[in-house]
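What follows is each chain in one-letter form.
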Amino acid sequence: MKLNLSNLKFLRTSRKSFMSQTRTMTQKPDSIPDPSQVVDDLLCSKQRDVQIEETIDAAPAILGSPSRVLSIDTRVERAWAHWKNLGRPRYIVAPMVDNSELPFRLLCQKYGAQAAYTPMLHSRIFTETEKYRNQEFTTCQEDRPLFVQFCANDPDTLLEAAKRVEPYCDYVDINLGCPQRIARRGNYGAFLMDNLPLVKSLVEKLAQNLNVPVSCKIRIFPNIQDTLKYAKMLEDAGCSLLAVHGRTRDEKDGKKFRADWSAIKEVKNALRIPVLANGNVRCIEDVDNCIEETGVEGVLSAETLLENPAVFAGFRTAEWAANNEEEGFVDGGLDQGDLVVEYLKLCEKHPVPWRMIRSHVHKMLGEWFRVHPQVREQLNAQNILSFEFLYGLVDQLKELGGRVPLYKKKQIDTPNPQESPQRV
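Fair warning: this is a prediction, and the values are worked out from it, not measured in the lab.

(A) Up close: the pattern of salt bridges. Scanning all chains against the criterion turns up 21 salt bridges. Between Lys398 and Asp338 there is a salt bridge, with the nearest N and O atoms lying 3.2 Å from each other. Of this pair, Lys398 sits in helix α18 (residues 387–401) while Asp338 sits in helix α14 (residues 336–349), and the two are 60 residues apart along the sequence. Looking at Lys398, the relative accessible area reads 31%, which means it is partly exposed. A residue is classified by how much of its surface remains accessible, and Asp338, at 23% relative accessible area, is partly exposed. What you see here is one network of salt bridges that share partners, running through Asp98, Glu136 and Arg355.

(B) Fine view of the packing of helix α6 (residues 155–165) against helix α8 (residues 196–207). Where α6 meets α8, the closest approach of the two axes is 9 Å, and the angle between their N-to-C directions is 35°. For the element pair α6 and α8, the recorded crossing hand is right-handed. Together, Pro155, Asp156, Leu158, Leu159 and Ala162 of α6 and Leu198, Ser201, Leu202, Lys205 and Leu206 of α8 make up the contact between the two elements. Looking at the contact of α6 with α8, its residues break down into seven nonpolar, one polar and two charged.

(C) Region of interest: the packing of α14 against α18. Following both chains from N to C, one finds α14 and α18 inclined at 170°, their axes separated by 10 Å at the closest point. Overall, the two elements α14 and α18 adopt an arrangement that is roughly antiparallel. Across the interface between the two elements, Gly337, Asp338, Val340, Val341, Leu344, Lys345, Cys347 and Glu348 from α14 touch Phe387, Leu390, Tyr391, Val394 and Lys398 from α18. Each residue belonging to the contact of α14 with α18 can be placed in one class, and the counts come to eight nonpolar, one polar and four charged.

(D) Broad picture of unusual backbone geometry. A cis amide bond, omega -10°, links Arg144 with the succeeding residue Pro145. Structurally, the position occupied by Pro145 is in the loop between β6 (138–139) and β7 (146–151). One non-glycine residue, Arg88, lies in the positive phi region at around 50°. Mapped onto the elements of the fold, Arg88 is located in the loop between α2 (72–85) and β3 (91–93). Positive phi, normally seen in glycine, also occurs at Asn280, with a value near 75°. The residue Asn280 is located in the loop between β11 (275–278) and α11 (284–294) in this model. On the basis of relative accessibility, which here comes to 9%, the residue Asn280 falls in the buried class.

(E) Main features of the packing of aromatic side chains. As enumerated under the stated definition, the model contains nine aromatic pairs in all. Taking the centre distance of 6.5 Å and the plane angle of 85° together, the rings of Tyr111 and Phe315 count as edge-to-face. Of this pair, Tyr111 sits in the loop between α3 (102–110) and β4 (115–117) while Phe315 sits in the loop between α12 (303–307) and α13 (318–322); the two residues are 204 residues apart in sequence, bridging distant segments of the chain. In terms of burial, Tyr111 and Phe315 fall into one category: buried. With 5.4 Å between their ring centres and 75° between their planes, Phe221 and Tyr230 make a pair best called edge-to-face. Each residue in the set Trp83, Tyr117, Phe147 and Tyr171 is aromatic and connected to the rest through ring pairs, giving one cluster.

(F) Seen up close, the nonpolar core. Formed by 116 residues in total, the largest nonpolar core has its most connected members in Leu234 and Leu242. Listed in part, the six residues of the second largest apolar core include Met120, Cys178, Ala183 and Phe191.

(G) Seen up close, the pairing of β11. Neither face of β11 is exposed, since Val275 and Ala277 on one face and Leu276 and Asn278 on the opposite face are all buried. Relative to β11, strand β10 (residues 241–245) runs parallel, the two sharing four bridges. Residue pairing for β11: Leu242 is matched across the bridge by Val275. Pairing analysis gives three bridges linking β11 to strand β12 (residues 298–301), with the strands arranged parallel. Looking at the pairing, Leu276 lines up with Gly298 of β12. In this region the chain leaves β11, passes through α11 and returns to the parallel neighbour β12; the handedness of that crossover is right-handed.

Procedures and definitions
Each chain has its residues counted from 1, following the order in which its sequence is written. Per-residue local features are limited, in this predicted model, to residues with pLDDT of at least 70; the limit for side-chain atom pairs, both in listing and counting, is 80 or more; totals at the level of whole chains, interfaces and linings are taken over all residues. Excluding hydrogens and water, the side-chain values take into account all heavy atoms of the structure. Throughout this description, the term salt bridge denotes a Lys or Arg side-chain nitrogen within 4 Å of a carboxyl oxygen of Asp or Glu. The helix count covers DSSP runs of H or I at least four residues long, the strand count covers runs of E at least two residues long, and both are numbered beginning at the N terminus. Burial here depends on accessible area, computed with a 1.4 Å probe over protein chains only, as a share of the maximum for the residue type. Under 20% is buried, over 50% is exposed, and the range in between is partly exposed. Fitted lines through C-alpha atoms give the axes, limited to the stretch in contact for helices. The angle between two N-to-C directions lies from 0 to 180 degrees. With the far helix as reference, a near helix turned anticlockwise by less than a right angle produces a left-handed crossing, and one turned clockwise produces a right-handed crossing. When checking whether two residues touch, look at their non-hydrogen atoms; a contact exists if any pair is within 4.5 Å. Under the scheme applied, nonpolar residues are Ala, Val, Leu, Ile, Met, Phe, Trp, Tyr, Cys and Pro; charged residues are Asp, Glu, Lys and Arg; polar residues are all the others, including Gly. Each angle is binned into one of four classes, with values under 35 degrees roughly parallel, values over 145 roughly antiparallel, values of 65 to 115 roughly perpendicular, and all other values oblique. Ring geometry is summarised as follows: Phe, Tyr and Trp rings, the Trp one being its six-membered ring, pair when their centres sit within 6.5 Å, and such pairs are stacked at plane angles under 30 degrees, edge-to-face over 60 and tilted between the two. Only buried residues count toward a nonpolar core, which is a set of Ala, Val, Leu, Ile, Met, Phe, Trp, Tyr and Cys residues joined through side-chain atoms within 4.5 Å. Strands qualify as paired when DSSP identifies two bridges or more between them. The handedness rule is simple: strands pointing away from the viewer, and a clockwise path from the first strand over the helix to the second, make the crossover right-handed.

By themselves these figures say nothing about function.
See the structure below:
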């Protein structure tokens, strides 16, 4: 059963029992709700009622109110209070068009992800088309903390879209980093870097009218000083959290261009709000190294998670294990076929468009498909998918090729101080 979000009221103080059904966006949230139908825990993070540190509690404004007339000091205090209230997540699923939908977010969460972004949603289509809202954005009780990301180039349209989702997420995020050709044609994403007054107006519009904090995801300029001015402008406009992809707009190929962690570090040092990093993540050690080198609060992963949704739990594909043989990796008891089965079960519970499912199956079974291309061709030739067909595809691959395991670092016993190294 799906829940109509317009019939639910956002109450920050009540803590009622909840249901776990998927929810879809169908109507504007300003219709009058029936209080008897309120299911508060579907709408707020479970941490929202946690006592915040005394220093943050001293902030004179209520955390959930719009920041129309707040000083920069108060807005920064509120930004950190909210982030701490969410548990300061470090391992985060990045926004991916058609690929960071609810079932995939839940799968990554099972394997260590602590927060996630939705796929990029088009703000104008979201406000105009009920079918688009129903298919492209679903969520559930377990799906928190959650960033809902929109692309936009009109402040009023963006606000209307954001109002529809603000009770059901922890941040409304503005996509300022998409470098693809479609973003150029649509005048959004990283191509708004050419119109900074418009970017500022988008952030201000949300920050001054939403109860949920505003976050932004950006790419860097070729010149670091331009990047710092850009980031500072976003902070001054009301951005409460900034995710920085350490590549320029022209550096689209992540395998060809390394993300610039030093630029991310400079942004982190220049801002007062929480900062996240994106780029160069192939394994959990990369995440930890990025946090250490840049000082950011957390790290986003995108492409690596598509192939291996268990990255944040310390699993590696054979490729990355082989590149670090000296560290010692062993079969982790999990393979990509297992992950596909888990993902499909989540899709049965939380339906999403088949194009998303097809894409994930291709990514997660890519290694097997290279060994058995005839099975990949079966998938490509299947115009109408079914769960029965996809489960059968995994079974067929296992019969043909055994397993494609994921690897974990070998655990080394800690020596007893009284034992000699030779006995360990």
